[in-house]
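Chains, contacts and geometry: an overview
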Amino acid sequence: MDNELDRRLAPLRARIDEIDAALIDLLNQRARVALEVGEVKKHFDAPVFRPERERQVIERLQRLGQGPLANEHVEAIWRQIMSASRAIEAPQAVAYLGPEGTFSEQAALAYFGDATDRVAAPSIDEVFRAVESGAVDFAVVPVENSTEGVVSRTLDLLLRTTRPITGEVSLPIHHHLLCRDAGAELASVARVCAHPQALAQCQHWLSQHLPNAERVPVSSNAEGARRAAIEAGTAAIAGERALQRYQLHAAARMIQDDPHNRTRFYVLGGTPPLSTGRDQTSLILSVRHEAGAVHRMLAPLARHGVSMNRFESRPARSGEWEYYFYVDVAGHANDQEVAAALADLRRDVLFFKLLGSYPRAQ
Ligand SMILES: O=C(O)C(=O)C[C@]1(C(=O)O)C=C[C@@H](O)C=C1
């Protein structure tokens, strides 16, 4: 049987080897061009990372592709290829909310690929500080989860940051129940360690399948995974990245109550990207606390036909009932109608901050 299998596989593998040889040659040709691009950019002091160009490259290839590679695989492959190009042009670093194995790290990987240095920071404040101080080139911060709502610390820090939002990542959040031993029975799980948000996102599953296990909130899912790796009877709730990092085994997969659970992240730092035709612009606004003010605040958007993708309010903490409004609109600040709407908005509101325009997450 094995001989027959080998006999059938051998010629197919020979073809794959041949194609790989051609690919490595082409990839190195591409990398040599990236080196030249790097030289030109250095001469003009131009940014290495150009997300709008990367979007163009990926979308063109998705149009050219005839399958069976799915669009998301084309994207993942070229994300890595261009990540390597960037590393060849000039090494870059990105800070994320650590420790290693968090969904923030997964988001940083998805956006920048493997070849960007990743720096784990202990808190969202430290992630912002790292990019503000220039210790890293970029930061990835969580903004909102489809089940749990906004990450208020991120919203508060966006108010003060001097760095632009230059990108967005929307990551499906798939939680697994992770244990130290392969084939562990659910009955052997005495406690489940995870970040309170992950415990909340899996509460129905836990009640159904582990009604007697203690639920232990910890500082991050990765911390839960670290404990599960060394403690008998302890399981963690975490994602694929933590599973790999802590060499755990999934006793159950996809245990989040909402199968469509996603978290959105912003990428901060770098140079504001140019318009791609599928962009989003993020703003913070504030108006006088009086009847009809919010309605009037948004009128310029309607007047110029700009649609709103998101609207969030946060207390201004001034002691009075004043609010900051976090607004995402469709389009780039340089697009004609958005530019006109922003000019009107800026004139009418008490406070206006343009956080950035960037390609929308796929
Ligand atoms: O076109 C550029 O500006 C490049 O640097 C090349 C390249 C690529 O590999 O295609 C690499 C990095 C940029 O973010 C965009 C594209």
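Within every chain, residues take consecutive numbers counted from 1 along the sequence as written. At least 70 in pLDDT is required for a residue's local features to be given in this predicted model, at least 80 for side-chain atom pairs to be given and counted, and no such filter applies to totals for whole chains, interfaces and linings, which use all residues.

Side note on the UniProt feature "domain: Prephenate dehydratase" (unreviewed entry) in the protein chain
UniProt positions are given in the numbering used here, feature names are shortened, and annotations may be inferred rather than shown by experiment. Mapped onto this numbering, the UniProt entry gives "domain: Prephenate dehydratase" (unreviewed entry) at residues 93–270. A run of H or I in DSSP counts as a helix once it spans at least four residues, and a run of E counts as a strand once it spans at least two, with each numbered from the N terminus. Helix makes up 32% of residues 93–270 and strand 31%. Its end C-alpha atoms lie 11 Å apart.

A short note on the sheet that holds strand 9 (residues 234–238)
Read across the open sheet, the 5 strands follow the order 8-7-9-6-10; overall the sheet is mixed. The open sheet has two edge strands with one neighbour each: strand 8 (214–217) and strand 10 (249–252). On average, each strand axis in the sheet is inclined to that of its neighbour by 35°, with strand direction left out of account. Any residue pair is listed as a contact if its two C-beta atoms, each placed from the backbone, are within 7 Å. Here, axes are lines fitted to C-alpha atoms. For helices the fit covers the stretch in contact, and angles between N-to-C directions go from 0 to 180 degrees. Running at roughly 150° to strand 9, helix 9 (residues 221–230) makes contact with strand 6 (176–179), strand 7 (191–194) and strand 9 of the sheet. Should DSSP find at least two bridges between two strands, the strands are taken to pair.

Considering the packing of helix 1 (residues 2–44) against helix 3 (residues 71–89)
Helix-helix packing is characterised by the crossing angle of the two axes and by the distance between the axes. Interhelical geometry of helix 1 versus helix 3 gives an angle of 45° and a closest axis separation of 8 Å. Regarding the angle of helix 1 to helix 3, the classification is oblique. Of the two possible hands of crossing, helix 1 and helix 3 adopt the one that is right-handed. Every residue of helix 3 that contacts helix 1 at Leu27, Ala31, Ala34, Leu35, Val37, Gly38 and Lys41 is listed here: Ile81, Ala84, Ser85, Ile88 and Glu89. Residue polarity follows a fixed list, in which Ala, Val, Leu, Ile, Met, Phe, Trp, Tyr, Cys and Pro are nonpolar, Asp, Glu, Lys and Arg are charged, and the others, Gly among them, are polar. Considering only residue class, the contact of helix 1 with helix 3 consists of 8 nonpolar, 2 polar and 2 charged. Angles are sorted into four bins: roughly parallel if under 35 degrees, roughly antiparallel if over 145, roughly perpendicular if 65 to 115, and oblique for all others. Two helices that cross are described as forming a left-handed crossing if the nearer one is turned anticlockwise from the farther one by less than a right angle, and a right-handed crossing if clockwise.

What about the site of the ligand?
Neighbouring the ligand are the residues Ala34, Val37, Phe49, Arg50, Arg53, Glu54, Val57, Met82, Ser85, Arg86 and Glu89. Broken down by secondary-structure element, the contributors of at least two residues to the shell around the ligand are helix 1, helix 2 (51–64) and helix 3. Of all the elements, helix 3 adds the most residues to the shell around the ligand, at 4 residues. Here the shell around the ligand is composed, by residue class, of 5 nonpolar, 1 polar and 5 charged. What makes a residue near a molecule or strand is its C-beta atom, placed from the backbone, lying within 6 Å of it.

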